[in-house]
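Each chain is listed here by its residues.
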Amino acid sequence: DVKVTQSSRYLVKRTGEKVFLECVQDMDHENMFWYRQDPGLGLRLIYFSYDVKMKEKGDIPEGYSVSREKKERFSLILESASTNQTSMYLCASSSPGAGETQYFGPGTRLLVL
Amino acid sequence: QKEVEQNSGPLSVPEGAIASLNCTYSDRGSQSFFWYRQYSGKSPELIMSIYSNGDKEDGRFTAQLNKASQYVSLLIRDSQPSDSATYLCAVQLGGSARQLTFGSGTQLTVLP
């Protein structure tokens, strides 16, 4: 079974703080993704990565950055958290060999005060 | 224009009925199609994937794909209260894209 884990289930931060969300997958998947999910807006892609040290912007990259130093780990960074970044953050991984099916982690619910 | 559209919800069906969830997509080159189920407060989990025209059945679930009409659907037979969730349609767009585009979801409630 594919396992995708995220570092925190719930997180509370203050405006202006630097926030790190970490995602780890154990299936040697090439592709990793970060989404945010908000009521009425569905899943929106922030960043994704096809390989180590490689990143691509998704639909809403502003205010975020990412890091992929190892194949199994993909980090999302909020450089200076703002209240409009309060959301559910979901990490996913996939592999071309598995038909590009994405497997999701449990999610991190972030509240920025 | 939204690239993946799902029928607006919420959708309510009685227990034992067939629930029909629909999805249309705009990119004719789309190659892979997925249905995910998401319970409240949880992350999406894959129910079905479908890659070629026609029907694909897995237990009580049937996915139907019609590329000519750019339409994919999910039928849930003998609906159970445990099927109550939001169902997300996802499409892998054409070309070399590896990312998926998700619809906004349809909330299904199965009434006991």
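Above this text is the structure in question.
In this text the structure is predicted, and so the values were computed from the model without any measurement.

## What about the interface of chain A and chain B?
In this complex, chain A contributes 22 residues to the contact, which on the side of chain B involves 18 residues. There are 0 salt bridges connecting chain A and chain B. At the junction of chain A with chain B, the criterion picks out 4 residue pairs in polar contact (both at pLDDT 80 or more). Within the residue set of the side of chain A that touches chain B, elements represented by two or more residues are strand E4 (31–38), strand E5 (42–49) and strand E9 (87–94) of chain A. Grouping the amino acids of the side of chain A that touches chain B by side-chain chemistry returns 12 nonpolar, 7 polar and 3 charged.

## Thoughts on the pattern of salt bridges
Enumeration over the complete set of coordinates arrives at 9 salt bridges over all chains. A salt bridge links Arg37 of chain B to Glu45 of chain B; the nearest nitrogen and oxygen atoms lie 3.2 Å apart. For Arg37 of chain B, a relative accessible area of 17% translates into the label buried. On the basis of relative accessibility, which here comes to 32%, the residue Glu45 of chain B falls in the partly exposed class. Through salt bridges with shared partners, a single ionic network connects Arg36, Asp38 and Arg44 of chain A.

Calculation rules
- Residues numbered from 1 in each chain as written.
- Chains lettered and ligands numbered in written order.
- Predicted model: local features only at pLDDT ≥ 70, side-chain atom pairs only at ≥ 80, totals over all residues.
- Heavy atoms only, no water.
- Contact = heavy atoms within 4.5 Å.
- Salt bridge = Lys/Arg side-chain N within 4 Å of Asp/Glu carboxyl O.
- Polar contact = N/O pair within 3.5 Å; in protein donor to acceptor, adjacent residues only side chain to side chain.
- Helix = DSSP H or I, 4+ residues; strand = E, 2+ residues; numbered from the N terminus.
- Nonpolar A, V, L, I, M, F, W, Y, C, P; charged D, E, K, R; others polar.
- Buried < 20%, exposed > 50% of the residue type's maximum accessible area, 1.4 Å probe, protein only.

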